[in-house]
Amino acid sequence: MSVATTDDVTESTLLLAEYDCIKEEQKSRIGFRDNLLYFTLAAATAAVAITVQSGQPQLLLAVPVICLVLGWTYLVNDEKISSIGCYIRDQLGPRLGELTAAHGTVFGWETYHRDDASRTTRKRLQTAVDLLTYLALPMICLTAFWCSPAARTLLVVVSLAQTLALAVLGWQFLRYAER
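Remember, it's a predicted structure, so these values are computed and weren't measured experimentally. (Residues numbered from 1 in each chain as written. Predicted model: local features only at pLDDT ≥ 70, side-chain atom pairs only at ≥ 80, totals over all residues. Heavy atoms only, no water.)

1. Digging into the side chain of Glu110
Move 1: Assignment of secondary structure puts Glu110 in helix H3 (residues 109-112).
Move 2: A polar contact of 2.7 Å, which involves the side chain of Glu110, links it to the side chain of Lys23.
Move 3: What Glu110 contacts, discounting residues up to four positions off in sequence, is Tyr19, Lys23, Gly85, Ile88 and Arg89. (Helix = DSSP H or I, 4+ residues; strand = E, 2+ residues; numbered from the N terminus. Polar contact = N/O pair within 3.5 Å; in protein donor to acceptor, adjacent residues only side chain to side chain. Contact = heavy atoms within 4.5 Å.)

Structure follows, in structure tokens:
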């Protein structure tokens, strides 16, 4: 095995190594983000089942907490996934293209898949699924709690704070959906 000298390391080699690393990070984040959706649904279902079995409607207040924490984590990962793609399209690809005098776009997939005619529809549907999971589901649980005899003043205040936090999360989902 030979040891690379400083002369063997070129800027294009470094850029390709960076590309490999950030694509691996992107791939890992995509898997994690997608699994968060399933985990959120499982955790919320478990909380509702426990609530029904125990007959304690105040336990429904766990669902907004679950959706807030996991929804925020989902959103942060989704934003990083998009940022990686943007960095490759706007920074890394053009720099490598200049160094290699490439004809056409370097890392063409990063732009090609964004020109799909159905992309806008898919993005809107995904946003609807995200809002349904991370906003509508906990709001249904909050409404069920408010209609229950367990709705005491302190818990109602807590639930109103949760509603405000959910509104902020929903706004963030809509804001990032434009990307």
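2. A closer look at the state of the cysteines
Move 1: Counted by the stated rule, this structure contains zero disulfides.
Move 2: Left unpaired, Cys21 is separated from the closest cysteine sulfur, that of Cys86, by 19 Å.
Move 3: Free cysteine Cys67: the closest other cysteine sulfur is in Cys141, separated by 7.4 Å. (Disulfide = S-S within 2.5 Å.)

3. Side note on the confidence of the model for the protein
Move 1: Residues with a pLDDT of 70 or more make up 94% of the protein, whose mean pLDDT is 91.
Move 2: Per-element confidence in the protein ranges from a low mean pLDDT of 78 for H3 to a high of 96 for helix H5 (residues 153-177). (pLDDT = per-residue confidence, 0-100.)

4. A few points about helix H1 (residues 11-54)
Move 1: Compared with an ideal rise of 1.5 Å per residue, which puts 44 residues at 64 Å, H1 spans 63 Å between its outermost C-alpha atoms and is within 8% of the ideal.
Move 2: Where H1 is concerned, the buried positions are Leu15, Tyr19, Ile22, Gln26, Arg33, Leu36, Leu37, Thr40, Ala43, Ala44, Ala47 and Thr51.
Move 3: Summarising the contacts, the buried residues of H1 are in contact with helix H2 (62-100), H3 and helix H4 (119-146).
Move 4: Positive phi appears at Gly55, one or two residues downstream of H1, with a value of about 70°. (Expected span 1.5 Å × (residues − 1). Buried < 20%, exposed > 50% of the residue type's maximum accessible area, 1.4 Å probe, protein only.)

5. A look at the packing of H1 against H4
When two helices pack together, their arrangement is given by the angle between the helix axes and the distance between those axes.
Move 1: Packing of H1 against H4 leaves a shortest axis separation of 11 Å and a crossing angle of 15°. Judged by the angle between their axes, H1 and H4 are roughly parallel. Between H1 and H4 lies a crossing of left-handed hand. Between H1 and H4, the residues in contact are Leu36, Leu37, Thr40, Leu41, Ala44 and Val48 and Val129, Thr133, Tyr134, Leu137 and Cys141, respectively.
Move 2: When its residues are assigned to classes, the contact of H1 with H4 shows nine nonpolar, two polar and no charged. (Axes fitted to C-alpha atoms, helices over the stretch in contact; angles between N-to-C directions. Parallel < 35°, antiparallel > 145°, perpendicular 65-115°, else oblique. Left-handed = near helix turned anticlockwise from the far one by under 90°. Nonpolar A, V, L, I, M, F, W, Y, C, P; charged D, E, K, R; others polar.)

6. Re H4
Every α-helix winds through 3.6 residues per turn, so residues three or four apart in the chain are directed the same way.
Move 1: When the terminal C-alpha atoms of H4 are compared, their 39 Å separation across 28 residues agrees well with the 40 Å that a helix rising 1.5 Å per residue should span.
Move 2: Against H1, H2 and H5 lie the buried residues of H4.

7. Examining the nonpolar core
Move 1: Of all hydrophobic cores here, the largest spans 23 residues; its most connected members are Val63, Tyr134, Leu169 and Phe173.
Move 2: When residues of this core are traced back to their parent elements, those giving at least two are H1, H2, H4 and H5.
Move 3: Looking at this core, the element that brings in the most residues is H2, giving seven residues.
Move 4: Among residues more than four places away in sequence, those in contact with Phe173 are Gly71, Tyr74, Leu75, Asp130, Leu131 and Tyr134.
Move 5: Counting nine residues, the second-largest nonpolar core is a separate cluster that includes Leu15, Tyr19, Ile88 and Phe107. (Core = buried A, V, L, I, M, F, W, Y, C linked by side-chain atoms within 4.5 Å.)

8. Side note on the environment of Cys86
Move 1: Within the fold, Cys86 resides in helix H2.
Move 2: For Cys86, a relative accessible area of 26% corresponds to the partly exposed category.
Move 3: Considered as a pair, Cys86 and Glu110 are 24 residues apart in the sequence and their alpha carbons are 8.2 Å apart.

9. Considering the pattern of salt bridges
Move 1: Summed over the entire model, instances satisfying the criterion amount to seven salt bridges.
Move 2: For Glu11, the salt bridge goes to Arg95, with nearest N and O atoms at 3.7 Å. With Glu11 in helix H1 and Arg95 in helix H2, the pair connects residues that are 84 residues apart, well separated along the chain.
Move 3: On the accessibility criterion, Arg95 (34% relative accessible area) is partly exposed.
Move 4: Taking the shortest distance from any N to any O, the salt bridge between Arg33 and Asp34 comes out at 3.0 Å.
Move 5: Among the charged side chains, a network of salt bridges with common partners joins Arg33, Asp34 and Asp78. (Salt bridge = Lys/Arg side-chain N within 4 Å of Asp/Glu carboxyl O.)

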